[in-house]
Amino acid sequence: MSPSFQNPVLEVRGLKMHFRTPKGVVKAVDGVDFTIAAGETLGLVGESGCGKSTTARGITRLITPTAGTVILEGREVTGMSTADLRATRQRMQMVFQDPYASLDPRMTVLDIIAEPIRNFRIARGQEVRERVRNLLQTVGLDADFEKRYPHEFSGGQRQRIGVARALAVEPILLLADEPVSALDVSIQAQVVNLFEDLQEQFGLAYLFISHDLSVVRHVSDRIAVMYLGRIVEIAPAQRLYAEPLHPYTEALLSAVPIPDPVIETKRKRIMLSGDVPSPVDEIQGCPFRTRCAQAFERCEVEAPVLKEYRPGHSASCHLHED
Ligand code: SF4
């Protein structure tokens, strides 16, 4: 993985995803900014319900954003016509958590992978089948699996089929939403390795979403931590693990097992207590203050803003302000 990336493939600016409910407006995503460069992986982590998946759905416009700008390869996705959006979606593809739910059980693998190739008119006739067979091999499966149905495969193999389908339209960006969470731990590393191999082979950029910091550790160049719809820390991966700035990141990291048995026995888990504020309530002060062991007076009245404290390393926490 290269330490320096330029030329953003994706720019997300001020993304908001608000939803009207009978109880009020849920601010699932509330002003998110980041970029992803060609060939780069941005890990997006946080607890369930923090807005990670909704962010990905807003970027691809599977759900229309309330506000903000999404730019893919220099073209603004937000506000695009339906026809332009369709063409742009060829360049960004989603890979979902549950490979079984995302593959039509009545279709053969050939038809599953061929469908987007035909829809986007990437190939015709016999060439479609050749492409499918090549794609199966690219993701580490036997080309003859083309005749089989999804139920004939293991979870890891089904996720490989999902990845092959996403690759079929020659994207530049994959938005992988918890792509290994439904898999056995023993299979997770194999699928993560597949993502890394494909990135090297095709120069893909990834938004790699996970609730688990140990999963994104090896695959990410940078990591963004989300809490209650906002990014609270973003940094190069190694720096985030070595010197986290935000108490929430520290708590998430304390749950990650350390491979060294000596250090692992000394690992102290930070257990978060206190209630998570309702996303429909107007939050005064720092959104994390109800669970933060380091909260002080200022945290109750003033919301911290995301500031860069070291090159490429930003956090929103009053502890680091003068
Ligand atoms: Fe904790 Fe205060 Fe920092 Fe928020 S601003 S994370 S409450 S110390």
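The structure we're discussing is the one just above.
Residues numbered from 1 in each chain as written. Predicted model: local features only at pLDDT ≥ 70, side-chain atom pairs only at ≥ 80, totals over all residues. Heavy atoms only, no water.

Trainee: Could you give an account of the packing of helix α6 (residues 155-167) against helix α7 (residues 185-202), naming the residues involved and the relevant values?
Mentor: If you want to describe how two helices pack, look at the angle between their axes and the distance between the axes. Relative orientation of the contacting elements α6 and α7 amounts to 20°, with a least axis distance of 10 Å. As judged from the angle between their axes, α6 and α7 are roughly parallel. Viewed along their axes, α6 and α7 form a crossing whose handedness is right-handed. Taken together, the residues of α7 that come into contact with α6 (itself represented by Gly156, Gln159, Arg160, Val163 and Leu167) are Ile187, Gln190, Val191, Leu194, Phe195, Leu198 and Phe202. Residue composition of the contact of α6 with α7, grouped by class: eight nonpolar, three polar and one charged. (Axes fitted to C-alpha atoms, helices over the stretch in contact; angles between N-to-C directions. Helix = DSSP H or I, 4+ residues; strand = E, 2+ residues; numbered from the N terminus. Parallel < 35°, antiparallel > 145°, perpendicular 65-115°, else oblique. Left-handed = near helix turned anticlockwise from the far one by under 90°. Contact = heavy atoms within 4.5 Å. Nonpolar A, V, L, I, M, F, W, Y, C, P; charged D, E, K, R; others polar.)

Trainee: Tell me what's going on with helix α4 (residues 109-119), and back it up with residues and numbers.
Mentor: The set of residues buried in α4 consists of Val109, Leu110, Ile112, Ile113, Ala114, Pro116 and Ile117. The secondary structure elements touched by the buried residues of α4 are α5 (126-138) and α6. Positive phi appears at Arg121, one or two residues downstream of α4, with a value of about 50°. (Buried < 20%, exposed > 50% of the residue type's maximum accessible area, 1.4 Å probe, protein only.)

Trainee: Help me get a handle on the sheet that holds strand β6 (residues 92-95), residues and values and all.
Mentor: Read from one edge to the other, the open sheet built from eight strands follows the order β6-β7-β8-β3-β9-β10-β12-β11, with strand pairing classed as mixed. Looking at strand neighbours, the two that pair on one side only are β6 and β11 (307-310), the edges of this open sheet. Each strand of the sheet is rotated relative to its neighbour by a mean of 20°, with strand direction disregarded. With five bridges connecting them, strand β7 (residues 173-177) and strand β8 (residues 205-210) associate as parallel partners. When the bridges of β8 are listed, Leu175 appears paired with Leu207. (Pairing = 2+ DSSP bridges.)

Trainee: Describe the site of the ligand, with residues and values.
Mentor: Around the ligand sit 13 residues, and of these Cys286, Cys292, Cys299, Cys317 and His318 come closest. Tallied by class, the residues present in the shell around the ligand amount to nine nonpolar, three polar and one charged. (Near = heavy atom within 4 Å.)

Trainee: Account for the sheet that holds strand β4 (residues 67-72), naming residues and giving values.
Mentor: The strand order across the open sheet formed by four strands is β2-β1-β4-β5, and the pairing between neighbours is antiparallel. Each edge of the open sheet carries a strand with a single partner, namely β2 (24-37) and β5 (75-76). As paired strands, strand β1 (residues 8-21) and β4 are joined by five bridges and run antiparallel to one another. Counterpart to Lys16 in the pairing with β4 is Ala67. Its contacts with the sheet place helix α1 (residues 52-59) against β1, β2 and β4, and it is angled at close to 110° to β1.

Trainee: Summarise the side chain of Gln159; cite the residues concerned and give the values.
Mentor: Tracing the sequence through the fold places Gln159 in helix α6. A distance of 2.7 Å separates a polar atom in the side chain of Gln159 from the backbone oxygen of Pro179. Discounting chain neighbours no more than four positions away, the residues touching Gln159 are Val95, Phe96, Gln97, Pro99, Pro179, Leu183 and Val191. (Polar contact = N/O pair within 3.5 Å; in protein donor to acceptor, adjacent residues only side chain to side chain.)

Trainee: Lay out the nonpolar core with the relevant residues and their values.
Mentor: Ile113, Phe195, Leu213 and Ile223 are the most contacted members of the largest nonpolar core, which totals 60 residues. When sequence neighbours within four positions are dropped, the list of residues in contact with Ile223 reads Leu42, Gly43, Val45, Leu213, Val216, Glu233, Ile234, Ala235, Ala237, Leu240 and Tyr241. Val12, Val32, Ala56 and Met92 belong to the second-largest nonpolar core, a separate cluster that totals 31 residues. (Core = buried A, V, L, I, M, F, W, Y, C linked by side-chain atoms within 4.5 Å.)

Trainee: Give a description of the pairing of β11 that names residues and reports values.
Mentor: As paired elements, β11 and strand β12 (residues 313-315) share three bridges and run antiparallel to each other. Across the sheet, the residue bridging to Glu308 is Ser314, located in β12. The hairpin formed by β11 and β12 contains two residues between the paired strands, and Gly312 there has a positive phi angle of roughly 75°.

Spatial relationships are all this shows, so hold off on functional conclusions.
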